[in-house]
Structures are given as C-alpha cells and as structure tokens.
2 protein chains.
Amino acid sequence: MRLSRYFLPVLRDVPKEAEIVSHRLMLRAGMIRQQASGLYSWLPLGYKVLMKVQKIIEEEQNRSGAIQLLMPTIQSADLWRESGRYDAYGKEMLRIEDRHEREFLYGPTNEEMITDIFRAYVKSYKDLPLNLYHIQWKFRDEVRPRFGTMRSREFLMKDAYSFDLDEPAAVAAFQRMFVAYLRTFRRMGLVGIPMRADTGPIGGNLSYEFHVLADTGESGVFLDKDLLDKPIPGKDTDYRGDLDPIFKDWTSLFAMTDEMTDEATFRAQVPEDKQLMARGIEVGHIFYFGTKYSDPMKANVTGPDGKNIAVHMGSYGIGPTRVVPAIIEASHDENGIVWPVSVAPFEAVLINLKAGDADTDTACEQLYAELTAAGLDMLYDDRDQPAGSKFATADLVGIPYQIILGPRGLKSGEVEIKHRKTGERETLPLSGAVERLKSLIEPQRMTDI
Amino acid sequence: MRLSRYFLPVLRDVPKEAEIVSHRLMLRAGMIRQQASGLYSWLPLGYKVLMKVQKIIEEEQNRSGAIQLLMPTIQSADLWRESGRYDAYGKEMLRIEDRHEREFLYGPTNEEMITDIFRAYVKSYKDLPLNLYHIQWKFRDEVRPRFGTMRSREFLMKDAYSFDLDEPAAVAAFQRMFVAYLRTFRRMGLVGIPMRADTGPIGGNLSYEFHVLADTGESGVFLDKDLLDKPIPGKDTDYRGDLDPIFKDWTSLFAMTDEMTDEATFRAQVPEDKQLMARGIEVGHIFYFGTKYSDPMKANVTGPDGKNIAVHMGSYGIGPTRVVPAIIEASHDENGIVWPVSVAPFEAVLINLKAGDADTDTACEQLYAELTAAGLDMLYDDRDQPAGSKFATADLVGIPYQIILGPRGLKSGEVEIKHRKTGERETLPLSGAVERLKSLIEPQRMTDI
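Basis of the calculations
- Residues numbered from 1 in each chain as written.
- Chains lettered and ligands numbered in written order.
- Predicted model: local features only at pLDDT ≥ 70, side-chain atom pairs only at ≥ 80, totals over all residues.
- Heavy atoms only, no water.
- Helix = DSSP H or I, 4+ residues; strand = E, 2+ residues; numbered from the N terminus.
- Rg over C-alpha atoms; globule rule 2.2 N^0.38 Å.
- Buried < 20%, exposed > 50% of the residue type's maximum accessible area, 1.4 Å probe, protein only.
- Contact = heavy atoms within 4.5 Å.
- Areas by Shrake-Rupley, 256 points an atom, 1.4 Å probe, with all protein chains shown as cover.
- Lys, Arg positive; Asp, Glu negative; His and termini not counted.
- Charge placed at Lys NZ, Arg CZ, Asp CG, Glu CD.
- Arc of directions from axis to C-beta.
- Salt bridge = Lys/Arg side-chain N within 4 Å of Asp/Glu carboxyl O.
- Least-squares fit on C-alpha atoms with pLDDT ≥ 70 in both.
- Buried area = accessible area lost by both parts, 1.4 Å probe.
- Polar contact = N/O pair within 3.5 Å; in protein donor to acceptor, adjacent residues only side chain to side chain.
- Nonpolar A, V, L, I, M, F, W, Y, C, P; charged D, E, K, R; others polar.
- Pairing = 2+ DSSP bridges.
- Axes fitted to C-alpha atoms, helices over the stretch in contact; angles between N-to-C directions.
- Core = buried A, V, L, I, M, F, W, Y, C linked by side-chain atoms within 4.5 Å.
- Phe/Tyr/Trp six-rings, centres within 6.5 Å; stacked < 30°, edge-to-face > 60°.
- Lys NZ or Arg CZ within 6 Å of the ring centre and 35° of its normal.
- Domains from an automatic or database assignment.

Trainee: Lay out the overall build of chain A in plain terms, naming residues and giving numbers.
Mentor: Broken down by element type, chain A carries 13 helices and 23 strands. Whereas a compact globule of 449 residues would reach a radius of gyration of roughly 22 Å, chain A reaches 24 Å, a difference of no more than 12%. A buried classification covers 59% of the 449 residues belonging to chain A. Contacts in chain A between residues far apart in sequence, at least 24 positions, make up 71% of those at least 6 positions apart. Taken as a whole, chain A presents about 17,500 Å² of accessible surface, with 47% of it coming from carbon and sulfur. For chain A, the centre of its 56 positive side-chain charges and the centre of its 67 negative side-chain charges are spaced 3 Å apart.

Trainee: Got a sec to walk through helix 15 (residues 433-441) of chain B? Specific residues and values, please.
Mentor: All names here are of chain B. Within helix 15, burial applies to Ala-433, Val-434, Leu-437, Leu-440 and Ile-441. End-on, the buried residues of helix 15 take up no more than an arc of 130°, which puts them together on one face. Where helix 15 is buried, its residues meet strand 19 (348-352), helix 12 (358-373), strand 21 (401-405), strand 22 (414-419) and strand 23 (425-429).

Trainee: Account for the pattern of salt bridges, naming residues and giving values.
Mentor: All names here are of chain A. Within the structure shown, the criterion is met by 72 salt bridges over all chains. One salt bridge connects Arg-183 with Glu-60, and the closest N-O pair in it is separated by 2.8 Å. Linking Arg-183 in helix 6 (residues 167-187) with Glu-60 in helix 2 (residues 44-63), this pair joins segments that are 123 residues apart in sequence. Side by side, Arg-183 and Glu-60 carry an identical accessibility label, which is buried. Of the charged contacts in the structure, one is a salt bridge between Asp-244 and Lys-248, with a shortest N-O distance of 2.4 Å. Remark: Lys-248 and Asp-244 occur in helix 7 (residues 244-251); sequence separation between them is four residues, near one turn of the helix.

Trainee: Account for the relation of the copies chain A and chain B, naming residues and giving values.
Mentor: With an RMSD of 0.0 Å, the operation that places chain A on chain B is a rotation of 180° combined with a shift of 0.0 Å along the axis. On this basis, the relationship between the two copies can be described by a two-fold rotation axis. Residue Ile96(A) of chain A places its C-alpha closer to the rotation axis than any other residue of that unit, at 3.0 Å. The share of interface residues of chain A whose copies in chain B are also at the interface is 100%, consistent with both copies meeting through the same surface.

Trainee: Break down the interface of chain A and chain B for me, citing the residues and quoting the values.
Mentor: It is common to give the size of an interface as the accessible area that goes away when the parts come together. Between chain A and chain B, the residue contacts involve 54 residues of the former and 54 residues of the latter. For the chain A and chain B pair, buried surface summed over both sides reaches about 4,900 Å², with 62% attributable to carbon and sulfur atoms. For the pair chain A and chain B, the interface holds four salt bridges. Asp116(B) is the salt-bridge partner of Arg33(A), the closest N and O atoms lying 3.1 Å from each other. At the boundary of chain A and chain B, one finds 20 residue pairs in polar contact (both at pLDDT 80 or more). The class makeup of the residues in the side of chain A that touches chain B is 32 nonpolar, seven polar and 15 charged.

Trainee: An account of the sheet that holds strand 6 (residues 103-106) of chain A is needed here, citing residue identities and associated values.
Mentor: Residue and element names in this part refer to chain A. Read from one edge of the open sheet, three strands run 4-6-5, paired in antiparallel fashion. Single-partner strands in this sheet number two, and they are strand 4 (74-76) and strand 5 (94-97). Each adjacent strand pair in this sheet contributes to an overall mean axis angle of 40°, direction not counted. With three bridges connecting them, strand 4 and strand 6 associate as antiparallel partners. Opposite Ser-76, over in strand 6, you have Phe-104 as the bridge partner.

Trainee: Report on the nonpolar core, specifying residues and quantitative values.
Mentor: With 235 residues, the main nonpolar core has Met31(A) and Met31(B) as its most contacted residues. Excluding its chain neighbours within four sequence positions, the residues that come into contact with Met31(A) are Met26(A), Ser41(A), Trp42(A), Leu43(A), Leu45(A), Gly46(A), Val49(A), Val324(A), Ile328(A), Ile337(A) and Trp339(A).

Trainee: Report on the packing of aromatic side chains, specifying residues and quantitative values.
Mentor: Under the criterion given, the structure shown has 39 aromatic pairs over all chains. The interplanar angle of 55° and the centroid separation of 5.3 Å between the aromatic rings of Tyr181(A) and Phe210(A) together place this pair among those described as tilted. Of the two residues, Tyr181(A) is situated in helix 6 and Phe210(A) in strand 10 (residues 206-213); the sequence distance between them amounts to 29 residues. When the ring of Phe185(A) is compared with that of Phe210(A), the centres are 5.8 Å apart and the planes differ by 40°; the resulting orientation is tilted. Placement of the pair is Phe185(A) in helix 6 and Phe210(A) in strand 10, with a sequence separation of 25 residues. The exposure class assigned to Phe185(A) is buried, which follows from its relative accessible area of 0%. Taken together, Phe174(A), Phe178(A), Tyr181(A), Phe185(A), Tyr208(A), Phe210(A), Phe247(A) and Tyr316(A) form an aromatic cluster joined through their ring pairs. Positioned above the aromatic ring of Tyr86(A) is the side chain of Arg95(A), whose terminal nitrogen or guanidinium carbon lies 4.7 Å from the ring centre. Between the NZ or CZ atom of Lys48(B) and the centre of the ring of Phe346(B), over which it lies, the distance is 3.9 Å.

Trainee: Break down the pairing of strand 22 of chain B for me, citing the residues and quoting the values.
Mentor: All names here are of chain B. Here strand 21 pairs with strand 22 via four bridges, running antiparallel. What sits directly across from Tyr-401, in strand 22, is His-419. As paired elements, strand 22 and strand 23 share five bridges and run antiparallel to each other. Considered in strand 23, the bridge of Lys-418 is made with Arg-425. Here strand 22 hands over to strand 23 after five residues, with Gly-423 in that stretch at a positive phi of 80°.

Trainee: Can you explain the domain arrangement of chain A? Please cite residues and give values.
Mentor: Residue and element names in this part refer to chain A. For chain A, the assigned domains read domain 1 (12-337) and domain 2 (346-444). Inter-centroid distance (C-alpha atoms) of domain 1 to domain 2 is 38 Å. At the interface, ten residues of domain 1 touch seven residues of domain 2. Considering only the surface of domain 1 that becomes buried against domain 2, Leu-45, Lys-48 and Ile-337 emerge as the three largest contributors, covering 48% of it. Linking domain 1 with domain 2 are three salt bridges, by the criterion used here. Residue Arg-420 pairs with Asp-333 through a salt bridge whose shortest N-O separation is 2.8 Å. The interface formed by domain 1 and domain 2 holds six residue pairs in polar contact (both at pLDDT 80 or more) in total. Sorting the residues of the side of domain 1 that touches domain 2 by element identifies helix 1 (21-28), helix 2 and strand 18 (336-337) as the ones contributing at least two each. With three residues, the single largest contributor to the side of domain 1 that touches domain 2 is helix 2.

Trainee: Tell me what's going on with unusual backbone geometry, and back it up with residues and numbers.
Mentor: For residues that are not glycine, phi is negative in most cases, and the peptide bond is trans in most cases. Look at the link from Leu128(A) to Pro129(A): it is a cis peptide, with omega at 0°. Within the element layout of this structure, Pro129(A) appears in the loop between helix 5 (111-121) and strand 7 (130-139). Within the chain, Phe147(B) stands out as a residue other than glycine whose phi angle is a positive 65°. For Phe147(B), the position within the fold is in the loop between strand 7 (130-139) and strand 8 (154-164). Located in the positive-phi region is Met446(B), a residue other than glycine, with phi close to 55°. Looking at where Met446(B) falls in the secondary structure, it is placed in the segment after helix 15.

Trainee: Help me get a handle on the environment of Arg425(B), residues and values and all.
Mentor: All names here are of chain B. Of note, Arg-425 is situated in strand 23. If we skip the residues at most four places from it in the chain, Arg-425 touches Ile-404, Glu-416, Ile-417 and Lys-418. For Arg-425, the side chain forms a polar contact with the side chain of Glu-416, separated by 3.4 Å.

Trainee: Describe the side chain of Gln61(B), listing the residues and the values that go with them.
Mentor: With respect to the secondary-structure elements, Gln61(B) resides in helix 2 (residues 44-63). In this structure Gln61(B) touches Ala66(B), Tyr133(B), Lys158(B), Ala160(B), Met177(B), Ala180(B) and Tyr181(B), once residues within four positions along its chain are discounted.

Trainee: So what about the side chain of Ser76(B)? Which residues, and what values?
Mentor: Here Ser76(B) is to be found in strand 4 (residues 74-76). The residues contacting Ser76(B), other than those within four sequence positions of it, are Ala36(A), Glu103(B), Phe104(B) and Leu105(B).

Trainee: Run through the sheet that holds strand 19 (residues 348-352) of chain A, naming residues and quoting values.
Mentor: Residues and elements named next belong to chain A. Taken together, five strands build an open sheet; the order of strands is 20-19-21-22-23 and the sheet is mixed. The open sheet has two edge strands, strand 20 (378-381) and strand 23 (425-429), and neither has a second partner. Ignoring strand direction, the axes of neighbouring strands in this sheet form an average angle of 20°. In the sheet, strand 19 pairs with strand 21 (residues 401-405) via five bridges, with the strands oriented parallel. Across the sheet, Leu-350 pairs through a bridge with Ile-403, a residue of strand 21.

This is the structure:
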C-alpha cells in the first residue's frame, strides 16, 4: 500500500479524553475515531489489525473443531424471556421497540439464540459434540464507557457455544477451547494466562479467564512465574484426543485474580522464587454452565437409551476489539506502538528518504515491487515529507520493520533496516534486502507453531 | 470438512412461509434460519457463501483503490440532524434510546458518518481522490419484510463513499466503481447489467442500478441483448487511467427498468432483433450526488487556489445478504441450488457410497486428503446414510462437483464425477481423479479474469 493513496490520519497531539496508553496510541496512530460515547469507527489501519486478530481467532477455532456461523445483532425479547434474562439483565441491555411496538434488544451475548438454533435442528446424541461460534457485534450499555475500545458499548465478540450429552463430554469440550485459547493468544504475540475465575452473571460450574500481563491492567493477578515460559500446545495437537493432561499441566500452577484470592493465600501456596504479582487485562473467558439454558429452553436430545436429556453447554468468548488495545498495552514504548509481526497492520514499511528524486523513486518503486512480490505485507511511504516525520510516523504506528532507502544509500548500493522493537539498525547491500527482510519476518508470523 | 462433524441441517419439507425459490432453497439447504420477522441467522453453509461473496467484493473494491474501514452499527441522532435526514427518514429508521435517554439509531446507511470522518481529518485537495468503504450490518425497519434475506430488516451492506474536488473528478470516481461492479458480479458468476436509474431518496445527479436477470425479479427490465455478451474489463484495467470509454461503451446500449422507461420507448429505440424484456433483481446501486451532504455538514477542503470548497461525493452499495439469494434465483433447478464455483460453499463433495465399509473408508480418506492437499475446498460426506439421500443433499445444497466412490468402483479402480450444473457424469481411473477435478474447478474460480 502506497501511503500517498492510503488514509492514515495520525494525530500530533495527545487526545485529552484518553486515560490509558492504548487509547491514546490508537487515536494518535489513526486507528480509531470516537463517533459517540462508547462507539468507535475503525479507521483503515485499525481495521487491518482487527481483521488479523479475527483471522487468528477463526483459524484456531476451526482447528479445534468449532464451526462458524453468524447470528443477527438484533434479537427478540421473547427469546430472552424464556431464559429469564430479559428482566434480569438490567440497564446494560439496549432495549429497542420496532415500528410495530414489538420488543427487541441489541444482543449483549448469544446463549439464548444459539440454544434456540440448537433445539430447532438437533434431536439426537449422535449429532454431538457440537461447538458453534460466531464473530458479531454486541452492545452493552455501560454507564460510563471508557478506555477506548477496551470498554466500548458496541464491541466485537467471538462467542462459541458447546453442546454435549453429559458433564464429562462437556468438560472435554471446555478443554478444547482452553487449548485453542492458549494457541490463539500466543499466535498474537501475547502470553495469555488462564486464571480460575468466578462464574458471574452467566452462571455455571467451571470458568477460566485469560489475562494478558500489562502494567495498566484492571485486575491484580497472582501467578506462578513458570506459567510465563510454559510452551503452548502445538498445531499437531489432537483435539479429538484426551486434552486433560494439558489442562492439568496449565492449571496446576497458581494463577488467580484478586477477585478470587488474596496476597496471603498466594504467598502461602507458591514458592517465594516463583511468586509474581502483576496487573492483568482480561482478553478471554470460558465457561461451562451445564443445563442452565437447555433446561428452561428445552434444548433436549435423545440419548443412547432413547430418553430425552437436556444438553450440557459451555460458552467461550474473546473480544477482538478489546484484544487490540490489550496488545498495545503489553507492547509499546515512548515512541508508539510495537506490533508483534503476526498482528501488525503492515509487516514492514519502505521509507523513501527523497520522494520526488527520480533515481530514488525508481529504486524504491522497484524494491517495493520486489518486497510485495516476495509476499511481504508492505506499506510504502512515498510521500514528499521530511525524513524525520516519516520515521516518527513509522515508529508511532508500530510497523515491525522499517526499510530505508535514500540517494546516499542508492549511490553506495546500500539499504538500512530498522527493527522497531529493539531499535537495532543494520546496513546491507540493496540486493540482499528482500531475502533479509523475509528471513526476519516469516518466522514471526507464527502461522506454523 | 467432514459432513459427520459439520452442522448442515437440511429440511425435507418446503417451508410454508417462503414465497420465492431462493428463500425456500436457503431454508431447505440449511443456509439460514429466521429468528424473528426480517432477522436471520446465517448457518454454517450460508455463512461460508456469504463470506465468499464478501471476499470478492473486497478484492474488487481494493483493486479499484477504495480503502476499507469499519463504522459502528449504532449512530447518534445528532449526526443525522445535521443532514436533515433524522426527521425525513420516517419509520424505516430504527430509533433507539440509550440508558441516559440520548437518541441513537441503527444505521440504515452511512453518508452522514463517513462525511463526519472525512471532515475531521481531510483538509486539503492534495489528499483527494479518496474512496472509503466498509461492510457492515444495517437495519431498515420494513413494514413487511419478506423473501428471506432478499429483503430482510437486518442486512449486510458494502457501502463505499468517494470524495473529490469537483464534478469531473467525482465522475471519474463514479466510473471506477462502475467498472469495479462489472467485475464484482461477473466474478460471482452473475451477469450484472448496469441500468440508468432514478436517484431516489439519497438524491443526486447520476445513478446506475446493477440488475441480475431472473424470472422472479421484482423489476421489469428492458435491454439490448448485446449487453449480455459484452466482455467485462480485465484485471489489468488501469483504475487511475481514463475509464470513460468503458463507461460509454456499456451505457450506450439501452438498459432500463420499468421505473425509468416503458415498452413503447424501448421498442422505438432498440432494433427488433436486439430487444430483450425480462425481470431483474437489483444487486447494486451507485450514486453521484455532488455536495448534498458536504454542504450542510461542512465537509470542505482547501483547493489549489487556497479557497474552501465543499467536496463532491458519491456512494456505492452492494448488499451481500441480497446477492446470495439473487445468485440462487439466477442459478437453480428442480433439485436445488446450482452454485457457480467462485461462490460455492464447497467446490466439490466426495460421496462415500458405503461408509462403514473398511476398504471404502480407507480409499475415501486417502482421496479426501489428496483433494484437500490439492487446494480444493472439499466437503466429505462420510455419513452412514443411503446413497440416494447423499445424492439428494449434494444436489440440494448445490455443490458444483460430486466425486463418488463405492465398493464397486474401488474394485475396478474407478471413480465417478457428476457435474451438478449439467448432470453430466464421467467415470475415470481413481488415480486421475484429483487432476481431473482440479482442471474442472480452477478455471471457474475466476480469480484471474
């Protein structure tokens, strides 16, 4: 993408309304625009990151055996009356009347609707296990939306729902999502730590939150340091096999938020050299809640003995519009965002130091064509702007590699590569630039872990 | 995808509520489920088609230079008061109050919001031309929603918005979208005929609808037959060059709906052997409307002479949730849907004639692995079901090719391929099946036209 033809409205000033660093940086880097309280547009750069995050989620959901569909944003109030949540949900639910004065709502979550879909079509235990998911916009009418897309009113959510014949099968389904989540966050360059959690308003029996560590996290977290270095299950993991050993391995070490434990308990249970107290941002939440919805909504299947049984369900959420700022909270410096390659809006930016100079333009055009042909996701800063401003923009928007070419380098046949994360710079022959950049970037895509 | 692990709830009976064939087939093929009047879930098979349609739209929008972003579904009423449309829009607009009794609405379209984004960031003619698009859910509270997703209340829309300094530049932007639309529909296996149209409630100066011919179309259309065979502009079209010759070539031939002309005019203007009267389904609509929104909303840029000028705008819509049934209306037979390869949920289905028979299972597993490894988007019907039921399902859901293997074929080393569209069957050696299927499917993907 040529920057001269792109829409990247970076801001020089730090927006006043933004309290946390990810919100400030997303505004400054031209990723989002607030349209009203808690309502955001995703500008092209932000949208591209959001879609890379979404694609990783989809790939790992599909790998685990979950099947994607899409439910509408607007739901009938009657459906929520069946579960009793229409009245229970309170003011966070955005309630709507249509032109015929029928009651609807903007879905804050989809347990009721997916249960309705399930009971309409699935009648036999032979069609289980089943895990259906969608990625759709949700709305929760928070009293005081804040922190940008970290806590917006309209937000994107991947929510998966599992259906099983009994508790052991449902726990296996839960464990599949547990493993999928470990892989999902790692592929985004995050360390997502699963923490035993309260079941909260959705209710249920078994619940883990996934937290990313960041100084600005909302929750205090207590964990065993060994969790940080634990290798995640590989792509060859057999999701139809027994995942209990992986689950036990990850959950045997101490990891809880301050809602579930306190410092004294933590200190007593974890060896001193393994104790880590930190802040965490919740980026995912998985629940097993048994027959909480299948009972009142009569989502039954015929079991092997011919009797009707209410299915055991779980639900599994990740909020992509929350994950994006969480990545920024975990990965930035004083100059801007530092994207992990796998979710970066562009993998590298080619900086033309003297746009308008015929020789430099020609060389840059050719290099840009070669880098693109090599499969790299490139931005080309071809604007007629001072070099300092180009470097500042590249740093701010956080593109992992800058490849810099100007008249002087062209004369000596050399190009410079800057590593955004470390600040390291290397000068190399122009002819070797494509191969070098490929060799830096490809292993970090994490498509093959 | 193994059908035994998929979620494909096909219906035996023709649903009573469905008046048109696409609605009936989408329900029977397990593509959609109605959740309330005019509100649909897209079940996995339908969702997969919807995403293939969306991907083609995105590729052709990007090729033409349009840039993707994403605006929220919920918009502030105040924004619509600026253009005067909040009061003008009437009951089709879904109006919403939040917990603080502030007025919002579920966006039926996005002219106001995109103009707001534009005016916030773009100040100079140097940043033009600009075309921003998004693919987002919209809501129009129709009095009587019907025809399934062809006229639903919540629907997906690709809407692009162009911004230019003056009318000639805006017309060039219009022509870029005109060409992009020709390519978009052809890549979906459709013949999308551009028809001069009324500008309607959006207002403006220049407007074309794209219609797909189908016996069940809502509009009567009159056209010159030569339009049906006109080659579309190729992928090497220079979108930064002069597209006026292409535009003139396509629009010089007669093509209008019955809203814009009548039979007598048509008969008088078109040679008798070129006259075609048919029915059409509107699948796209492009507008140029000048400064209709930029004037009241003060979306100005500084021109070359330093003076402020209101930008000239156009908007360009395609409804993917409407395109899917339109494709079905244009392409089905008495046994079900006949998908063009480029939008088919799966390109081919491998039918195991005797699931449970060890030798057949082994041979099918191997063939399935080879077909998938060859890059074909495969469904594998591995269910323990009678062959007749498998054939009926494959026909109903419209997968372009069936590849059929059973104990008898296995003994003679032969496999059968059925072409869904023509009903043609060919028997060939098992060893040549993968290459044959690839050679049939690849040219029809139309990724390279």
